[in-house]
Every structure is written in structure tokens, then in C-alpha cells.
Amino acid sequence: MIQTIRKAWGIPELRKKIIFTLLMLLIFRIGNAITVPFVNVDLLKVYLESQSTTILGLYNVMSGGAFAQATLFALGVQPYINSSIIIQLLTIAIPALERLAKEGGEEGKKKIQAITRYATVAIAVLSAFGYYMLMKNSGLLTANGTGIWPALVIIVSFVAGSSFVMWMGEQINEFGIGNGISMILFAGIVSRVPTAVSNMIASMQTWAEVRKGAVTLETLTAQGYTAQQAQNLLDSVMSPWGLVLMLIGALALVVFIVFIQDAERRIPVQYAKRQVGRRMYGGQSSNLPMKVNMAGVLPVIFAQSIVSIPATVMALTGTGTQEGTFSYALRNFLDSRSLAYMFLYALLIIGFSYFYSSIQFNPVEIANNLKKQGGFIPGFRPGKPTVDFIKKVLNKITLFGAIYLGIVAILPLLLGKIVGSNSMSIGGTSVIIVVGVALETVKALDTQMLMRQYKGFLE
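What counts as what
- Residues numbered from 1 in each chain as written.
- Predicted model: local features only at pLDDT ≥ 70, side-chain atom pairs only at ≥ 80, totals over all residues.
- Heavy atoms only, no water.
- Axes fitted to C-alpha atoms, helices over the stretch in contact; angles between N-to-C directions.
- Helix = DSSP H or I, 4+ residues; strand = E, 2+ residues; numbered from the N terminus.
- Contact = heavy atoms within 4.5 Å.
- Nonpolar A, V, L, I, M, F, W, Y, C, P; charged D, E, K, R; others polar.
- Patch = residues over 30% accessible without salt bridge, like charges linked within 9 Å, V, L, I, M, F, W, Y side chains within 5 Å.
- Areas by Shrake-Rupley, 256 points an atom, 1.4 Å probe, with all protein chains shown as cover.
- Salt bridge = Lys/Arg side-chain N within 4 Å of Asp/Glu carboxyl O.
- Buried < 20%, exposed > 50% of the residue type's maximum accessible area, 1.4 Å probe, protein only.
- Expected span 1.5 Å × (residues − 1).
- pLDDT = per-residue confidence, 0-100.
- 1 Å grid on protein atoms, 1.4 Å probe; cavity = no way out; pocket = protein on both sides within 12 Å on 5 of 7 lines; lining within 4 Å.
- Points joined across faces, edges and corners; volume = space filled by probe spheres on them.
- Pairing = 2+ DSSP bridges.
- Core = buried A, V, L, I, M, F, W, Y, C linked by side-chain atoms within 4.5 Å.

This paragraph deals with the packing of helix 8 (residues 148-175) against helix 9 (residues 180-190). Close contact between helix 8 and helix 9 brings their axes to 7 Å; oriented N to C, the two are set at 120°. In contact with Val165, Met166, Met168, Gly169, Ile172 and Asn173 of helix 8, helix 9 contributes Gly180, Ile181 and Ile184. Each residue belonging to the contact of helix 8 with helix 9 can be placed in one class, and the counts come to six nonpolar, three polar and no charged.

Structure, rendered in C-alpha cells:
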């Protein structure tokens, strides 16, 4: 990877693209440091720390910590991602959009992109309004933060920031390197690494103090912590052996993700010979590549969102805190450290993996294209037998890919349960995104360098 970046930097054209991408990411980080007015950031940070296992914690990670600081880019790329997913699903469900995507050519793609932009703004408005109501109902606004004008300023700032992030992503797509939205998501997650390292060091120091008896629940409450905040702090402490185990697990996880991301099942395809005039065409052998993980990280994000909804709703409404009630039992049942949560989380990941694989890979269409081009899979007749074989292979690799995503998502939860830390509930999702974006960016650089070599050869 380092060698690829070094070679790309030596090419003036690619160097300009790399510099442009870095400038866009720098602007993104600057926007993440500009706080929206009328918000008590200190109270908001404490509140979101107590909600780290809910969907709010996922938003905070994806935004690079901006969600907990109520900055201009607090909504991050989430509205654009949600809009893209919704439009993609509607393209399959609505025939007019499907025809526009398949038969509209470049003009059709531009129209769908415009629809995605409008949907992004609409989702950003709803998200900003919900975020404002959350802060208002939880008492997280400043003394002069009530009224229509502060509400308008807060909501418009969030919507404008989300729209600007979407624009930056499109600019990176056109003038930079890699996928713009993925690069912004990557930058947001990586920016939390220094904070995570400092938190781990502080956690080990607290662990040492707890072992000495200098830090207890009573001493923390005497310092101004609430009973819940003090208990959360004690639960998050990490021992040195726990840190070593976590680092080994993270390294093994990265190696595993790199291996699976490049893994694919190649189905052999043979093209029949045919005579056109006096010349013979065909007779070539090729293969049909099928990636093991076709759906990427989308099943993990959707499963995380859905399984966290009950805990999130109870956290926002203030229910589930009184022992002996049904809501309290349900909240503990769906806690990210419980085995029931992990099991339900894994089931949802498997279900969404099959759903997205069926959307992205159509065996009937693939079989028809092979038949039109004179290709066939050895041992299977064209038509239904070929479709059945492709479906069988697709189901097998989708199951393997879904199990892989489940392992990557559940492993940080299990590791956090073993070491006694509750701050690793969405670490697997972050690792998949970071590693996946890094690999795709390196591939994009390799492709552009290869194209440049061919261009120079032809000249």
C-alpha cells in the first residue's frame, strides 16, 4: 500500500488528485470542529456517552465524534447513505426508476443522482429536527436556546452541513481519488483513533486506581458523578491484559477482513466456437467472478440500526430505568453486552446479507447474458440448469459472507464482554469500513497508474 502511494505521488496528475482529496478531508475536519450555537456541548457529550450502545453511538462513530459535539457536520454522511439505499431499493420496486437506471444511459444516471440529492436534503431535515428535539427534551440547550429562532438556526446549520458534506463527496469522486463518501466516512472514523488511544490509557490508569481502592463508586459520586455515570466509568476500565488481548484481536480482525474482501468464487465459463464468413470466433475460456462479500458493510449498518431501536427509544423517553418493570427487563435483554443481543444482531446481518446479494446479483440475467454471448458453464445446459447452478453457488457464498460479517461484528462485543469493557460495541463496523475503503483506494490508484502506462505505450 505504501509503495503504491509512493509511486502515485511521483505522477503529477495523480499527485494533484491526492492533494485535492486531502484538502477536502481537511475541510471536513475543520467543519467537525465548528460547533452549532445554542447547544451545551458538555452536557451533550456526557449524555451521548451514556447512550454509546444505542443508534446514537453509531451516528457518533460514523461522524467522527462530531455528533457528540453538535458541529456543522454532525449528521455526517448518514443522510446521503440512507438516501442512496432508499433510492436503490425504489429503483428495484418502481418500474419507471428501473427503466431510467438501465436504459436511460448517462442522462438517466444524472436524474437518479439528482433524486438522491433531493432525498438526502429531505432526510437531513428530518434528522436535524429529531436531533434538535432530542437536545430540547433532554435539556441540552443553553439558557437562550429556546424559541423559534434558535431552533431554526440549529436545524438549518445541520442541514447545510450535511448538504455540504454530500457536495464534497461528489467533488472527490470527480477530481480526487476513490469514492468520496467512503473517504469522508473513513476520515471520520480514523480521526477517533487518537481519542481512543488516550481513553485506553486513561482506562488503564483508572483500573490501577480501582485496584488500589482509591477510586470507588462512593468516591466518584462524591466528585459529582451520578450513580449511573460512576457505574459506567467503573465498567469501562480496562486491565493491561485486556488491552493486549484487544490489540491481538484487532490485528487478527484486520487480517481476516483483508483476506475475505479479496476472496471470490470463480465459475468457469466456456464460449462455443462459431464461424462468421471464413473466420472462426469463440472457443475461449473465461470465468464468472462472484465476490464472497457482495453486500459490503450495509448489512451490518442496517442490522445495528434495527436492533438498537428499542434501546434507543427507551433512552430517549427515559423508560427502562426502574427495576422490576417490563421495560427494564427488555432494556437489559437488548443490551449490547447480552448474548440475546448478539444472537439477534447476527440473525439480522445474515438476513440483510441475503437481501442485498439478491438485489446486486441476478442469476437469471447472468444466465441470459451468457446464452446471448454464446457462453456456457461446463456440465450445465443453458437456461434453467445454468440459473439453478448459479443460484446454488450464490446461496453458498452469501452464507459464508454473512457468517463472516456476523463474526466481524460480534467479535468486538465478545471481546468487550471478556475484558469487561462496554466501549467496543460497534468496533467491528468501523474496522470493516476502514479496511474496505483503504483497499478500494489502493485499487483505484493501481488502476489509474495502469491506465497511464497503457496510454504512454500507445503514444
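A few words on a nonpolar patch on the surface. A grouping of Trp9, Ile19, Leu23, Leu26, Ile30 and Ile34 is seen on the molecular surface, where their side chains present a nonpolar patch of about 550 Å² in accessible area. Top element by residues in the nonpolar patch is helix 2 (residues 12-31). It accounts for four residues. Topologically, isoleucine 30 is positioned in helix 2. Isoleucine 30 sits in the partly exposed class, given a relative accessible area of 47%.

Its identity is not glycine, yet phenylalanine 38 carries a phi of approximately 70°, on the positive side. Tracing the backbone shows phenylalanine 38 in the loop between helix 2 and helix 3 (41-50). Although it is not a glycine, alanine 70 sits at a positive phi angle of roughly 55°. The topology assignment puts alanine 70 in the loop between helix 4 (55-62) and helix 5 (78-93).

A few words now on the environment of alanine 227. Looking at the secondary structure, you find alanine 227 in helix 12 (residues 227-235). Excluding anything up to four places from it in sequence, alanine 227 contacts Leu217 and Thr221.

In this section: helix 7 (residues 105-137). Its 33 residues give helix 7 an end-to-end C-alpha distance of 48 Å, which sits within 8% of 48 Å, the value for a rise of 1.5 Å per residue. Every buried residue of helix 7 is accounted for by Gly108, Ile112, Thr116, Thr120, Ile123, Ala124, Ala128, Tyr131, Tyr132, Leu134 and Met135. Among the residues trailing helix 7, glycine 139 stands out with phi positive, at a value near 70°.

For the protein, mean pLDDT is 81; residues scoring 70 or higher make up 87% of the total. A low-confidence stretch, residues 455-459 stays under pLDDT 50, and its non-local contacts, those more than four residues away or across chains, total zero contacts.

This part takes up the layout of surface pockets. Over the atoms, a rolling probe the size of a water molecule traces out where space has been left empty. The calculated volume of the second largest pocket comes to roughly 1600 Å³. Lining the second largest pocket we find 45 residues, and of these Ser84, Gln88, Asn179, Leu298 and Gln360 sit closest to its centre. Ranked by residues supplied to the lining of the second largest pocket, first place goes to helix 5 with eight residues.

Moving on, we get to the sheet that holds strand 4 (residues 285-291). Strand order in the open sheet formed by three strands is 4-1-5, with antiparallel pairing between adjacent strands. Here the strands that pair on one side only, and so sit at the sheet edges, are strand 4 and strand 5 (375-376).

Once that is clear, we can look at the nonpolar core. Membership of the largest hydrophobic core comes to 48 residues, with the highest contact counts inside it found for Ile184, Val300 and Tyr345. The residues contacting valine 300, other than those within four sequence positions of it, are Tyr345, Ile349, Leu405, Ala409, Thr429 and Ile432. Counting residues in each nonpolar core, the second largest holds 26 residues, with Val36, Val39, Tyr47 and Ala70 among its members.

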